[in-house]
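A closer look at the structure
Chain residues, written in single-letter form:
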Amino acid sequence: MSQPVKPATPHQQQQPPQQQFKTRKRETVVKYEPSTFRDQLLTLIPAPCTFQQFQTLIEQNAEKLELKRYGELFFELLIVGGLLTPGGNIGYGSKKLEFSCFESPTEELKSRVEFIGKLVRRYKYLQIQLEDTMGHILPYANKFGENTVKLATFTGYLLSNSTIPATVLNHLLKDHLVKDSTSLTFLTLVFKSFLTEQTIDQLSNVLRKSGIDNKLMEFFPESKRQDEYFARHFEGEGLKSLVDYFKKKQQGVVKEKVKASLKEMFENDKSSQEIVTFAKQQLAAQKWNETDFIELVWDAFITSVDWSTRPDQMEGLLQKELTTHGAVFENLCTMPKTEIKLLQKVQVMCFEDARFLRLFKNICMSFYKSDVVSASALLYWYEKGAVVQGKTTFLKQMEGFIVWLKKQEEEESEEDEE
């Protein structure tokens, strides 16, 4: 017979259950030992050793060398031959890394760059570490003597195959480097190196993407930041293509400013006379080609109007604006070539913007009535001056108007003969 269960005493009820706690293991702190890494790397290299053998050793021992942890130190060794210390001194340890950029002949720098590019593509984490390493080394560009030339050439090669971005060049914009012209000399060597591998168009693209194209003048000492000195320096270094690019970019900036000013004048309903006066002043001051300039004026005009109206009201709005500002284009189209260029510009716009597709003829007729373009220009455009974009559509659209123009020309010709 089972015994009755005794009720728990108050003391027993208050006893909390015993909890078991796991002892947390202490995290192992691994020391960061640059000199140990350097010595370990140097120990791996047999004597004698070719660069091909060295590459194989690195690829086979990447994990053992802990490149993910010591990537920056690895690139320091591969560039300067030792470990960089504060002040720009180099700690070599027992020996220099014979395959470093500084210890290699200039003609072998490309092979060093190709090896680094291969490593960066294989171990993606090395990309940032390489950029950081360049950021540590470049501020000491004035400390390396003859090796500065190698470093600049090496940097140019790295940029040319997109192993590093051109933003690393920002590290040269230190006051002490700019002041003693180290930045300018280094940058010039980088460009020369780059252009042995790539074109000026590719260089300009790299500079534009990184924003360096807007800072080129900052690499010059403050007293020499003039366009004239810029041109003289780079032309003297055989880099006229860079000078031409810089001038083109400067012109582009000026054109955007002029276009913005013209747009504002159109928006504020300035008189045609005021707009023409301003436009001609800029045309003369910048020595621009009238044929190209008319495209800029048209862009300013067309972007100054809010075209977000109902489709059935587009024609009326367009006619109103063309009538208001027709005198501007009449005064700026002083040559047949300019008239043809304007017609081609309008043709491309009407093709690319569906809102204007059916209005090309209206624009041409307005130009004709306002004496912006002559009958001869319109006939030339129709017969052989039309560009490819929308050509068939617009020729058909203009067919009736062209027939009328030809008839008018014939009648005028007959009257002259009489």
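These remarks concern the structure in this document. (Residues numbered from 1 in each chain as written. Predicted model: local features only at pLDDT ≥ 70, side-chain atom pairs only at ≥ 80, totals over all residues. Heavy atoms only, no water.)

Let us now look at the packing of aromatic side chains. Per the stated rule, a full pass over the model turns up 29 aromatic pairs. Ring centres 5.2 Å apart and planes at 65° place the aromatic pair Phe102 and Phe144 in the edge-to-face group. With Phe102 in the loop between strand S2 (89-91) and helix H5 (109-122) and Phe144 in the loop between helix H6 (126-137) and helix H7 (147-160), this residue pair connects regions lying 42 residues apart in the sequence. Note on Phe102: relative accessible area 4%, which makes it buried. Each ring, one from Trp307 and one from Phe356, has its centre 5.1 Å from the other, and the planes form 80°; the classification is edge-to-face. Taken together, the residues span a long stretch of sequence, with Trp307 in the loop between helix H14 (290-303) and helix H15 (311-332) and Phe356 in the loop between helix H16 (336-352) and helix H17 (360-369) at a distance of 49 residues. (Phe/Tyr/Trp six-rings, centres within 6.5 Å; stacked < 30°, edge-to-face > 60°. Helix = DSSP H or I, 4+ residues; strand = E, 2+ residues; numbered from the N terminus. Buried < 20%, exposed > 50% of the residue type's maximum accessible area, 1.4 Å probe, protein only.)

Glancing now at the side chain of Ser193. Note on placement: Ser193 falls in helix H9 (residues 182-195). In this structure Ser193 touches Ala152, Thr153, Gly156 and Tyr157, once residues within four positions along its chain are discounted. (Contact = heavy atoms within 4.5 Å.)

With that settled, consider the nonpolar core. Considering soluble globular proteins, one finds that nonpolar side chains tend to be buried as a cluster. Grouped together as the largest cluster of nonpolar side chains are 72 residues, with contacts concentrated most on Phe54, Ile58, Phe74, Leu151, Leu169, Phe191 and Phe234. Those residues within four positions of Phe234 in sequence are excluded, and the remaining contacts are Leu184, Thr188, Phe191, Phe220, Leu239, Lys240, Leu242 and Val243. If you look at the next biggest cluster of nonpolar residues, it comprises 53 residues, including Leu262, Val372, Leu378 and Ile402. (Core = buried A, V, L, I, M, F, W, Y, C linked by side-chain atoms within 4.5 Å.)

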